[in-house]
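# Observations on chain architecture
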Amino acid sequence: MARVGIIGIGHGEFGRRSDATVQELAFEAYREAIHDAQVDPADIDGTVIGSVPEYHKQRSLPGVVQEYLGLNPKPTWLTEVACASGSAAIRTAWMGIGSGAHKMMAVIGCQKMTELATPEILALMGRVGEVQWESVFGTTFPAYYALFAQSHMHEFGTKREQLLQVAVKNHYYGARNPNALFQKEITIEKALASDPVSDPFQVYDCCANADGAACVILASEEIAKKAKGPVVWLDGMACSTASMSVLRRPNLTGLPSAEEASRIAYEMAGVGPKDIKVAEVHDCFTIAEIMAYEDLGFCERGAGGKFIEEKQSYIGGSTPVNVDGGLKSKGHPIGATGVSMTVEIAKQLRGEAGERQVPDADVGLTHNVGGIGQYCFVQVLRRD
Amino acid sequence: MFKWFGKVNFSPYTKVTDFADHLKDGHLMASKCKQCGQESFPPKADCSKCLSGEFEFTEYDGQATLLSFTKIHAAPTGFEDTVPYTVGVVDLKDGGRLLAWFGESIAESDIKIGMDLQVVPQIFEEIKDIKVYYSLEKPGTTWSKV
Ligand SMILES: [Zn+2]
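Conventions we followed
- Residues numbered from 1 in each chain as written.
- Chains lettered and ligands numbered in written order.
- Predicted model: local features only at pLDDT ≥ 70, side-chain atom pairs only at ≥ 80, totals over all residues.
- Heavy atoms only, no water.
- Helix = DSSP H or I, 4+ residues; strand = E, 2+ residues; numbered from the N terminus.
- Rg over C-alpha atoms; globule rule 2.2 N^0.38 Å.
- Buried < 20%, exposed > 50% of the residue type's maximum accessible area, 1.4 Å probe, protein only.
- Contact = heavy atoms within 4.5 Å.
- Areas by Shrake-Rupley, 256 points an atom, 1.4 Å probe, with all protein chains shown as cover.
- Lys, Arg positive; Asp, Glu negative; His and termini not counted.
- Charge placed at Lys NZ, Arg CZ, Asp CG, Glu CD.
- Donors = N, O, S within 2.8 Å, 3.2 Å for Na, K, Ca; no water.
- Buried area = accessible area lost by both parts, 1.4 Å probe.
- Nonpolar A, V, L, I, M, F, W, Y, C, P; charged D, E, K, R; others polar.
- Salt bridge = Lys/Arg side-chain N within 4 Å of Asp/Glu carboxyl O.
- Phe/Tyr/Trp six-rings, centres within 6.5 Å; stacked < 30°, edge-to-face > 60°.
- Lys NZ or Arg CZ within 6 Å of the ring centre and 35° of its normal.
- Polar contact = N/O pair within 3.5 Å; in protein donor to acceptor, adjacent residues only side chain to side chain.

### Some remarks on the overall build of chain B
When its secondary structure is counted, chain B shows 1 helix and 8 strands. Counting from the amino terminus, chain B carries its helices and strands in the arrangement α-β-β-β-β-β-β-β-β. Here the C-alpha atoms of chain B give a radius of gyration of 16 Å, agreeing with the 15 Å that 2.2 N^0.38 yields for 146 residues. Along the three orthogonal principal directions, the C-alpha set of chain B runs to about 45 × 35 × 30 Å. When the 146 residues of chain B are sorted by exposure, 47% land in the buried category. Taking the intrachain contacts of chain B between residues at least 6 apart in sequence as the baseline, contacts between residues at least 24 apart amount to 49%.

Laid out in structure tokens, this is it:
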């Protein structure tokens, strides 16, 4: 398939955005990406929106966003795979441009979650589990990852403190990211004093619901090569699935969808885990990041706890991970998350990440999980 | 009537609706494909192996071991009055898995991954229309019809 490049990136502020509608959030990220790409909006020949529709009062989001961007009559549509909806949007545009059907597309991940009350969100998210046999027992989203955590701790001896060290790292970097929801550092002691959510998780093991948007402008190789600014190439693009029900998973210590997607993405890009200089992984809960280290091959299976304890995922370690603060401190506007990850890696590969810049980053990775691993999208990105 | 299954039921319509009737009578049923014999728990009406839509129920004895568990403190809508509650995922000896609450026969401090458990059919006594579920109990616990 023809190469597809990212020629523009934009990222809005994540948080409780009671000041804006979802289309206004989308516009913030879009405007920044258009300015960054230095292109004429008239050259955008289609828009793909990554979002999870049930959180919005507005039905059929792409229409209202496309109108607000002023891009009628160009086509638009939505992709939905829970928390991986943003990466699905990028994949859809990548296919659209790679096939020759489009030349330049805007991909916008956007989500307004705070239109709903917290119990409603808990109920909605719990139903990312299988509703016929699991949700009838009152399962929640944190509960599923807590089942993974308990299993991982039992199988590999992963310690409670190691889980929280993930949160400490991500808050450390989030404190250095002006777009993050929480821009302050935390300590293990503070995290251990927070309210229980679903054992062993406490509040600080969990990411926060947020509103926000991110945007990338993708272009064909021909157009990207003439771009005014730097180009980052989408060289490994993979996605994979696992059963909706945890009852049909091989084990509760990793995500088979992430193992499979990363295997394919590495192969497509002709790289291995050791070549990844910086990664954005899906840390909706602390255990999710530890499982990601293992699923992506940054360390051996079962060694994820030791990996964070030894600070291997800090800048200066073997694979810096979530040095923008991750979902943990950026917040998790679910449809926007995947695009936000790609924006951050593009920024790193362009050398524009400021005080959280990973030196000599030439190859980066994103790992965006939908639900509890039902879907996983992995991208390998490379700078020019 | 599958709407009997669970305190809050999200999917009352299913081709395996008789599962709830069997559970009310004290039987834990898996599905078995009439064409290729593939068994499934949770039960399925359709076989993803041979694509047949013909199935029958086969009884499982409910002996199980604990794969993982968590105590839920923050509940979703519909479960606010029962929080906190502990759910476990078990491997059934006969095959497949299920997720359920721990019953009163097990003290919280005794819950350990790998422990032997017995899945026992249950009826919500406080709910007027018949509502059935199953719970995780000490091995040897039996269900007796009210
Ligand atoms: Zn069959």
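Right, picking up where we left off after that structure.
### So, the overall build of chain A
Within chain A, the secondary structure is distributed over 13 helices and 11 strands. Scaling as 2.2 N^0.38, a compact globule of 384 residues should have a C-alpha radius of gyration of about 21 Å, and chain A matches this with 19 Å. Burial statistics for chain A: of 384 residues in total, 66% are counted as buried. Carbon and sulfur atoms form 50% of the exposed surface of chain A, whose accessible area is close to 12800 Å². Positive and negative side-chain charges of chain A, numbering 35 and 46 respectively, have mean locations separated by a distance of 2 Å.

### Describing the coordination of the zinc ion
All names here are of chain B. Every protein donor of the zinc ion is accounted for by Cys33 (SG), Cys36 (SG), Cys47 (SG) and Cys50 (SG), and the metal-donor separations fall at 2.3 to 2.4 Å. Donor residues for the zinc ion sit on one chain with the sequence pattern C-x2-C-x10-C-x2-C. Cysteine 36 gets classed as partly exposed once you look at its relative accessible area, which sits at 33%.

### Thoughts on the interface of chain B and chain A
Across the boundary between the two partners, chain B contributes 39 residues, which contact 32 residues of chain A. Three residues, B:Phe10, B:Arg97 and B:Leu99, lead the burial of chain B against chain A; their summed loss comes to 21% of the area buried on that side. At 6 residues, strand β4 (residues 63-72) of chain B tops the list of elements feeding residues into the side of chain B that touches chain A. Partitioning the side of chain B that touches chain A into residue classes produces 26 nonpolar, 9 polar and 4 charged.

### A few points about unusual backbone geometry
At the junction of A:Asn72 and A:Pro73, the peptide bond is cis and its omega measures out at 5° in the coordinates. The residue after B:Phe41, namely B:Pro42, is reached through a cis peptide bond having omega 0°. Residue position: B:Pro42 is located in the loop between β2 (39-40) and β3 (55-60). Unlike most non-glycine residues, A:Gln38 shows phi in positive territory, near 55°. Among the secondary structure elements, A:Gln38 is positioned in the loop between α1 (22-37) and β2 (47-50). Classification of A:Gln38 as partly exposed rests on a relative accessible area of 44%. Its identity is not glycine, yet A:Ser60 carries a phi of approximately 55°, on the positive side. One can find A:Ser60 in the loop between β2 and α2 (61-69).

### So, the pattern of salt bridges
On inspection of all chains with the given rule, the structure shows 27 salt bridges over all chains. Residue A:Arg17 is joined to A:Glu28 by a salt bridge in which the shortest nitrogen-to-oxygen separation is 2.6 Å. Within this pair, whereas A:Arg17 is found in the loop between β1 (4-11) and α1, its partner A:Glu28 is found in helix α1, the two being separated by 11 residues in sequence. In this structure, the salt-bridge partner of B:Asp81 is B:Lys7, at a minimum N-O distance of 3.3 Å.

### Some details on the packing of aromatic side chains
In total, this model carries 31 aromatic pairs over all chains according to the counting rule given. Sitting over the face of the ring of A:Tyr172, A:Arg176 holds its NZ or CZ atom 4.0 Å from the ring centroid.

### A short note on the side chain of A:Glu134
Residue and element names in this part refer to chain A. Residue position: glutamate 134 is located in the loop between α4 (118-126) and α5 (141-156). Look at glutamate 134: it is buried, it has no salt bridge, and the nearest opposite charge is arginine 248 at 7.7 Å. A polar contact of 2.5 Å, which involves the side chain of glutamate 134, links it to the side chain of tyrosine 144. Engagement of the side chain of glutamate 134 in a polar contact is seen with the backbone nitrogen of valine 246, the distance being 3.2 Å.

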